[in-house]
Amino acid sequence: MFSDVFRTMNAGYAQAMYEQYLRDPASVDEAWRQLFENGTSGLEPLAPVAASPAPDASLGVAPEGPAPASRLPASPDDLGHAAAAFALIRAHRIHGHSAARLDPLGAEPRGDPALDPEPLGLTPEVMARIPADVLRVYIPGARTLADAYPAMQATYCGTIAYEIEHIASHEERGWLRRTIETGAHRTPLAPDEKRRLLGRLTAVETLERFLHQAYLGQKRFSIEGLDVTVPMLDLLIELAGEAGARDVVIGMAHRGRLNVLAHVVNLPYETIFAEFEGGHGNELTPEGGTGDVKYHHGAEGTYATASGRNVTVTLVPNPSHLEAVNPVVEGRARAEQTRRAAPGAEHDPSVAVPVLLHGDAAFAGQGVVAETFNLARLRGYTTGGTIHLLTNNQVGFTTDPSEARSTDYSSDLAKGFDAPIVHVNADDPEACLAAVRLAHLYREQFRGDVVIDVIGYRRHGHNEGDEPAYTQPVMYERIRRHPTVRQLYADQLVREGVIAAARGDAESEAAYGRLAGIQQVVKSRLANEARDTEPPLRRPSLLEPETAVAEDVLRMLNDQLLAVPDGFSVSPKLQKQLERRRETIGADGGIEWAHSESLAIASLLVEGIPVRFTGQDTERGTFSQRHLVLHDTRTGLRWAPIQHLPGAKAALELHNSPLSEYACLGFEYGYAVAAPEALVLWEAQFGDFVNGAEVIVDQFIFGGLAKWGMTSRLTLLLPHGYEGQGPEHSSARVERFVALGAEGNIRVANCTTPAQYFHLLRRQARHLEMRPLVIFTPKSLLRLPAATSRLEELAAGRFRPVLDDAEAAGRRETVTRLLLCSGKVYYDLAGSPARAQSPHVAVGRVEQLYPLPLVELAELFGRYPNLRDIVWVQEEPRNMGARKFLVPKVRDLVPGTVTLKEVSRPERASTAEGYPAAHQAEQARIVKEAYGG
């Protein structure tokens with residue numbers, strides 16, 4: 001708008017704007033309003049010119065406030081010039097990045113006509129008459145636009161550029177303008193700091209050069225072309241530590257990972273070389289798993305800041321699913337920031353800083369990036385600001401940006417989340433450090449995310465065995481001729497007289513020699529090392545924990561869970577549901593699923609075990625069953641009795657989640673890994689929707705133990721069961737979870753009573769052997785009278801992986817047919833009229849699907865000496881459910897005289913019927929066939 005207006009501006013137009021302002025100030029544009037409100041002192045040649053505001057030494061920026069009051073312009077021409085000046089300044093703030101020199105390979109910036117003062121009538125003489133303070137620029141020492149204009153060009157159009165004007169907050173925009181234009185973040189480096197920076201660039205380049213020559217053709221996904229990433233991380237950790245952070249949690253894909261492991265996390269060179277030499281290195285996990293490739297591993301190290309503060313730096317393991325690690329990092333950071341030992345969870349974002357390194361193609365192309373950004377300011381997920389380093393190669397694997405995104409910059413996604421964006425040329429190391437300082441200052445001030453788009457290149461192909469010139473011949477010819485950033489910076493320091501001409505190359509060669517010596521030591525050690533060919537022994541299973549809770553404790557907790565403050569108004573309809581819980585804990589029984597769940601969680605809190613419980617509509621429950629958070633009918637105020645238990649010794653974090661599975665489950669996984677003492681529960685709205693998070697399930701939750709030795713107590717609650725609700729509201733895909741269970745990596749359960757659920761949750765929280773748990777939770781059973789429990793069942797016993805048929809206890813010798821099932825279908829079988837007519841049939845339940853309880857199953861079969869048939873019954877289609885996993889294992893347990901049969905829906909492409917009548921017909925057929933009809 002401004003460029004169009006001011007190209008045609010004339011004195012008459014300016015006068016008309018002034019007259020319109022006098023009639024209605026709100027009707028004119030902000031730039032005109034500022035001009036008329038502040039006046040234009042000094043437009044006449046002889047008028048005094050006011051100095052720019054003095055910088056505020058405490059903040060490093062100039063204070064924002066009204067310009068000195070003065071009389072209104074002397075003429076419409078002066079008005080026009082002043083308004084044009086406003087347009088010029090605003091254009092630099094908005095479009096300056098388009099003219100910035102950001103590409104190390106020398107591509108010409110596209111520029112923007114609005115940055116040119118000439119079409120606006122701003123000659124040098126006119127600019128010399130316009131005072132800088134009227135324009136609200138913050139360039140130190142600038143008295144007029146003539147002073148400010150070249151400084152604004154240098155600030156916004158150099159090797160570092162900014163996009164901040166999309167931010168909705170006026171306060172944040174103003175703070176960023178002042179900080180950027182005063183240069184508070186561009187602290188000049190002292191000579192010794194420059195030499196240290198060169199030393200870091202030398203170490204980075206030398207490691208890559210050594211690996212490239214020593215292990216020719218082996219994949220390492222080098223950092224070359226973005227070498228400055230390591231010094232940027234150095235500074236970020238230094239600043240975070242000085243600000244009080246104890247932890248920095250880093251997530252990144254494979255490019256540059258080995259260099260970050262070596263130089264930021266301080267993983268010894270010997271460990272890295274051992275992996276290239278074929279030694280164990282990190283490849284075998286503590287559990288004896290299969291390991292992972294060297295550029296997926298994580299590590300943890302200690303970084304000592306200049307003042308002696310120690311910061312724990314964690315590089316989180318990441319699969320090849322590039323951006324999948326983003327929410328995992330956020331969850332880990334949140335766990336580090338949260339104090340769970342007190343009843344009220346205290347969250348301090350200053351103690352841990354999440355840092356995410358993104359590739360340009362992945363940042364623009366993968367939806368989990370947006371899902372993770374959406375978590376940034378949510379109460380249950382915020383981490384107080386993430387520093388995003390977009391390591392921009394300017395190419396994907398072989399795909400040019402024009403084919404990879406629909407935006408000018410790969411960072412443009414971040415604009416939708418009000419994140420400031422800093423673009424910087426990776427060949428200007430000092431500008432890159434300035435970008436880090438600005439990001440840190442912003443996070444400290446506003447606790448928000450910042451994106452630094454570090455524009456570099458990729459010296460080799462996608463990997464070191466690739467030929468990039470096949471698809472980007474022109475780019476790679478430029479790269480071939482382009483000197484490295486270490487060489488460029490060394491030459492700069494020579495010109496500045498900071499180092500002698502030969503010093504840079506000498507240091508590089510000395511570093512190379514040290515690496516060669518370390519490699520020889522590793523080779524020698526591996527040659528003499530006796531390799532253990534025996535598979536590692538698994539630890540014996542640990543004892544089952546006690547999960548029963550005394551009746552008096554449960555009664556006390558029940559009363560506390562129903563308590564509300566005086567004057568709090570609960571919905572009358574809901575009040576009846578809650579009051580019923582006073583009755584069902586009594587002699588008549590009838591404890592439902594949600595009731596047993598709240599008692600289980602409350603009992604853990606008073607025992608000092610923290611709990612985090614999140615998911616879509618989890619506070620109330622998708623099926624209006626839970627109601628852990630109450631809402632006053634008159635005021636809307638919230639009250640969660642479970643978070644105000646008088647005897648609680650640990651905190652419950654309870655949050656509804658955004659409508660996301662991928663990012664939210666990744667977040668909870670990261671949190672659970674970093675908080676092993678806590679029970680972390682994530683609930684899907686319907687179990688079907690967990691497939692939106694399959695990357696997290698497959699690559700992290702199920703595979704993490706074997707690949708990286710990482711496990712947790714993360715518990716997935718997945719509503720599952722066939723009730724005629726259609727193919728997206730029936731199946732949590734049991735078949736996928738049991739198929740992925742191997743080497744004791746996880747637990748999977750499909751229990752049938754609230755008491756079993758109660759003990760299972762407490763078992764998960766208290767078991768000494770941490771493993772993730774998947775529970776297929778019910779829907780129709782939530783209020784089914786037959787699917788309730790009694791208080792004594794919670795106060796005694798423990799979770800039982802297999803349940804026998806209690807009704808068959810007195811007639812086991814007559815039973816010839818055993819129906820074996822899991823979950824909700826049990827009630828279809830047990831409630832059928834055919835049950836009373838079939839004394840020869842018993843119904844057993846497999847409550848734990850993985851690890852499959854073979855000993856308990858064998859004991860169950862042994863109780864029926866005259867068995868002829870065992871029938872696996874499931875309501876899922878034959879190609880789904882637990883059938884494929886369970887039936888072959890059961891067959892190995894039974895003698896040849898027993899026939900093993902199966903009853904299910906026929907094989908289907910979709911999980912369930914979409915029509916209630918068809919569903920009911922199938923359920924009836926399954927039950928009838930199970931009983932032999």
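Quick caveat, the model's predicted, so the values are computed rather than measured.

Student: Which residues make up the nonpolar core, and what are the values?
Tutor: Formed by 100 residues in total, the largest nonpolar core has its most connected members in Leu122, Leu145, Met232, Phe273, Ile452 and Val454. No other element matches helix 16 (residues 429-446), which puts ten residues into this core. Apart from residues no more than four positions distant in its own chain, Leu122 is found in contact with His81, Ala84, Ala85, Leu88, Pro117, Met127, Ile130 and Leu145. Grouped together as the second largest cluster of nonpolar side chains are 73 residues, Tyr381, Phe861, Phe885 and Val898 included.

Student: Any details on the pairing of strand 7 (residues 352-359)? Residues and values, ideally.
Tutor: Remember that side chains alternate between the two faces of the sheet whenever the strand is regular. Where burial is concerned, most of strand 7 is hidden: seven out of the eight residues are buried. Relative to strand 8 (residues 387-392), strand 7 runs parallel, the two being bridged by five bridges. Considered in strand 8, the bridge of Leu357 is made with Leu389.

Student: Can you lay out helix 33 (residues 916-930) for me, pointing to particular residues and giving the numbers?
Tutor: Taking 1.5 Å of rise per residue, the 15 residues of helix 33 would be expected to cover 21 Å, and the 21 Å separating its terminal C-alpha atoms lies within 8% of that figure. Within helix 33 the residues assigned to the buried category are His919, Glu922, Gln923, Ile926, Val927 and Ala930. Looking down the long axis of helix 33, one finds its buried residues gathered within 130° of arc, a one-sided arrangement. Residues of helix 33 that are exposed and angled more than 90 degrees away from the buried face: Ala917, Gln920 and Lys928. Packed against the buried residues of helix 33 are strand 20 (817-821), helix 29 (825-830), strand 23 (869-877) and strand 24 (899-905). Positive phi shows up at Gly932, right after helix 33, with a value of about 95°.

Student: An account of the packing of helix 9 (residues 229-242) against helix 16 is requested, with residue identities and associated values reported.
Tutor: Two elements in contact, helix 9 and helix 16, have axes whose closest approach is 9 Å; the angle formed by their N-to-C orientations is 30°. Between helix 9 and helix 16, the angle falls in the class roughly parallel. You can see that helix 9 and helix 16 cross each other, and the crossing is right-handed. Across the interface between the two elements, Pro231, Met232, Leu235, Leu236, Leu239 and Ala240 from helix 9 touch Cys432, Leu433, Val436, Arg437 and His440 from helix 16.

Student: An account of the confidence of the model for the chain is needed here, citing residue identities and associated values.
Tutor: The predicted model of the chain has a mean per-residue pLDDT of 90, with 91% of residues at 70 or higher. The low-confidence segment residues 1-11, where pLDDT is below 50, has 23 contacts with residues more than four positions distant or belonging to other chains. Below a pLDDT of 50 lies the segment residues 39-74, which in the model reaches 75 contacts outside its immediate sequence neighbourhood of four places, other chains included.

Student: Help me get a handle on the pattern of salt bridges, residues and values and all.
Tutor: Scanning all chains against the criterion turns up 60 salt bridges. Among the ionic pairs, Glu922 bridges to Arg908, the shortest N-O distance being 3.5 Å. Of this pair, Glu922 sits in helix 33 while Arg908 sits in the loop between strand 24 and helix 33, and the two are 14 residues apart along the sequence. Classification of Glu922 as buried rests on a relative accessible area of 13%. Accessibility expressed as a relative area gives 27% for Arg908, which makes it partly exposed.

The rules behind each value
- Along every chain, residues carry numbers that run from 1 in the direction the sequence is written.
- Per-residue local features of the predicted model are confined to residues with pLDDT of at least 70, and side-chain atom pairs are confined, for both listing and counting, to 80 or more; whole-chain, interface and lining totals are unaffected and use all residues.
- Calculated side-chain values reflect all of the structure's heavy atoms, with hydrogen atoms and water omitted.
- To qualify as a nonpolar core, a set must consist of buried Ala, Val, Leu, Ile, Met, Phe, Trp, Tyr and Cys residues joined through side-chain atoms within 4.5 Å.
- Only protein chains enter the accessibility calculation, which uses a 1.4 Å probe; a residue whose area is less than 20% of its type maximum is buried, one above 50% is exposed, and one in between is partly exposed.
- We count a stretch as a helix when DSSP gives it H or I for four or more residues in a row; a strand needs E for two or more, and each element gets its number in order from the N terminus.
- Pairs of residues are marked as contacts when any of their non-hydrogen atoms sit within 4.5 Å.
- A pair of strands is treated as paired once DSSP finds two or more bridges between them.
- The span one expects for a helix is its residue count, reduced by one, times 1.5 Å.
- The directions considered for the arc are those from the helix axis to the C-beta atoms.
- Note on geometry: axes are lines fitted to C-alpha atoms, helical ones only across the stretch in contact, with angles between N-to-C directions running from 0 to 180 degrees.
- An angle below 35 degrees is read as roughly parallel, one above 145 as roughly antiparallel, one from 65 to 115 as roughly perpendicular, and any other as oblique.
- Crossing handedness follows the turn of the near helix against the far one: under a right angle anticlockwise gives a left-handed crossing, and clockwise gives a right-handed one.
- Confidence scores labelled pLDDT are given residue by residue by the predictor and lie between 0 and 100.
- Salt bridges are defined as contacts in which a side-chain nitrogen from Lys or Arg sits within 4 Å of a carboxyl oxygen from Asp or Glu.

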